[in-house]
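Spelled out, the chains give:
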Amino acid sequence: MTLLALIRLEHILIALALVLGGVGGFWLAKSRLGRKAPSEPEAVHHLLLPFAGTEISRRAVDAALRLSRAEGATLMPAYLAQVPKSLPLECPIPKEAGQAMAMLEAIEQRAAAKGVPVDARIERGRTYRHALARLLSEEDFDRVVVSAGATGTQGLSGDDLVWLLERAPAEVMILRPGPEDHRMVVPATALASNGNGAGSSV
Amino acid sequence: MPPAIDQGPESTAVEAPRRGHYKIFLGMAAGVGKTYRMLQEGHAEADAGRDVVIGYLEPHEREETSAQASGLEELPRRIVEIRGGATVSEMDLSGLLRRAPELALIDELAHTNPPGLEHDKRYEDIATVLAAGIDVFSTVNVQHLESLNDQVAELTGVRVRETVPDKVLGGADEVVLIDLTPEALIARLREGKIYPTQNIDAALNNFFKIENLAALREVSLRQVAEEVESKRLVFAEAETVGTRDAERVSDDAAKAVGERLLALVRPQASSQRLVRRAWRSAQRLGTDLDLLWVKPPGTPIDGECERQVTALRRLASVLGATFLIEEHDDVVVGAARVARERGSTYIMVGESPPPRGLARLREPLPQRLMRATPPGVDVRIVANRGRRDEEGGP
């Protein structure tokens, strides 16, 4: 009887040891995995693509689209509009809006072809940097892709990009196309008027 | 302290005189011929036997204008001393009221008076003249209208400081648009008919560009069309008050003149394409755009919905459109009510997803909208880009 009780106790102890071992192992594995987790990037929901002017580097747009698609994120192209000081900041700007609409349409066409959802914005400011600052404070996004124009004739300046790197509350990717890469996304209307027919880019 | 206005011997009369008839000659820019036309009509009135006086004329050293003024009595100007001892000549309001003609011609109603005169602005002088029962013809350029000042500044890059409240134009009995093509106006400028020779090049390089003038012409034409429409609607309402057909007539009146576009949106990113299409159509038609979200009752505006509503509101502000939220559990009923209220002539809707289940038995949204809205309202469907691209559309 005593021997039988001892055997039972032994079985119980073995079972208990197995359970404790399993729980401990699981806890250890979980804590190790947990330690690795912070180094992994957070999920990207919105990818901001600010730009100014009537054209944007095709390489930058395509890079933003590739990243958005890979991350399952929504692309947020944002046209930065300058409002002269002689006008109230919040006034309608139909002339600028016309340019913005055409550019956003061209970007959306490329995005639709790649199956990337788009949520566009037009932001007003006294300068491009001011518009960018307003955009950063008003919108939620997880990553910024910005094109450093090879020509530097329009859009964000080098100083603006440095400012963006310092202030943006998210990852920033600055993409400068090669010096020979002049391919741009331009509105279809601009192509048509140049005699290139309809399309979204050259 | 501004001097008291001498109303003349008639001011002792007990009964207030009838308000004078007010006619404004509106132009898109200097040199279109507003003052010339005002003087022409002044001559016609004088020839018809009326007592006509030029209260104030700004001939701008234009020979044709000066020639047109000859033969009409011109009221002596009042000399006013301004800062630094300099003097300027202004309209003599008290003198005009004492002279009390039947019709006064008063140029440049947007003019700002120097300190010390009865009023700060000439349109206030004109209000006093009208109140004294004197008819007035006056002139103004469209960029002086307060509500258009920002728009014109954005279009042309030139802002004028002297503005006139829109109610001044709205209060006129007649508004006559003096229209001229941009090409004809530039030809007049080149011929030296608007500015002295030494100022022509500067004018051509700054304000007098074809694109500026074309935009201003469009703004002027639209302004006058809106004035005509608003007056006609007031007239229609006055005519129909208390009659059985009041509702029907005012419905017809709302839609008879001008187009108005209504785009049905939802707080989601895909609505932006619809807004873009609608705005482009509104631009082509030269009409106003309303964006409407018919919100199911009790739907909270928070999270992603709030984000999209804010985005739509900001987009509407950039475009000069109006964003409306109408609470109703039936999109068609809500949209039809707003369309009637706003006098919409076009309704734009996005493509609906293919119906499933029992929804297949239901009449499609565009057809329901067409039946619910007043007759003559067009419904246009904007295709879904994703589907078009899948099908290999253009």
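Worth saying up front: this structure is predicted, and the values here are computed from it rather than measured.

Draft legend 1. Main features of the nonpolar core. Counting 76 residues, the largest nonpolar core has B:Ala263, B:Leu291, B:Ala335 and B:Ile347 as its most contacted members. With nine residues, helix 3 (residues 94–113) of chain A is the largest single contributor of residues to this core. In this structure, B:Ile347 is in contact with B:Leu262, B:Leu264, B:Ala335, B:Ala339, B:Leu369, B:Thr373, B:Val377 and B:Val379, ignoring residues within four places of it in sequence. Counting residues in each nonpolar core, the second largest holds 53 residues, with B:Val53, B:Ala110, B:Leu185 and B:Leu216 among its members.

Draft legend 2. Focus on the environment of B:Ala269. Mapped onto the secondary structure, B:Ala269 falls in the loop between strand 9 (260–264) and helix 11 (271–285). Other than its neighbours up to four places away in sequence, B:Ala269 contacts A:Thr74, A:Pro117, A:Val118, A:Asp119 and B:Gln308.

Draft legend 3. Up close: the sheet that holds strand 6 (residues 103–106) of chain B. Residues and elements named next belong to chain B. If you walk across this open sheet you meet the six strands as 3-2-6-7-1-8, and the pairing is parallel. In the strand order of this sheet, the two ends are held by strand 3 (73–74) and strand 8 (174–178), each with one partner. Contacts between helix 1 (residues 34–47) and the sheet are confined to strand 1 (22–27), strand 2 (52–56), strand 6, strand 7 (135–141) and strand 8, with strand 7 contributing the most and set at about 165 degrees to the helix.

Draft legend 4. Representation of unusual backbone geometry in the model. Residues and elements named next belong to chain B. In the Ramachandran plot, Ala100 falls in the positive-phi region, its phi being about 45 degrees despite a non-glycine side chain. The backbone of Glu108 shows a phi angle near 55 degrees, a positive value even though the residue is not glycine. With respect to the element layout, Glu108 can be found in the loop between strand 6 and helix 4 (122–131).

Draft legend 5. Quick look at the interface of chain A and chain B. Counting residues at the interface gives 23 residues for chain A, matched by 20 residues for chain B. Looking at the side of chain A that touches chain B, the elements with two or more residues in it are helix 3 and strand 4 (121–125) of chain A.

About the thresholds
- Residues numbered from 1 in each chain as written.
- Chains lettered and ligands numbered in written order.
- Predicted model: local features only at pLDDT ≥ 70, side-chain atom pairs only at ≥ 80, totals over all residues.
- Core = buried A, V, L, I, M, F, W, Y, C linked by C-beta atoms within 7 Å.
- Buried ≥ 20, exposed ≤ 12 C-beta atoms within 10 Å, placed from the backbone.
- Helix = DSSP H or I, 4+ residues; strand = E, 2+ residues; numbered from the N terminus.
- Contact = placed C-beta atoms within 7 Å.
- Pairing = 2+ DSSP bridges.
- Axes fitted to C-alpha atoms, helices over the stretch in contact; angles between N-to-C directions.

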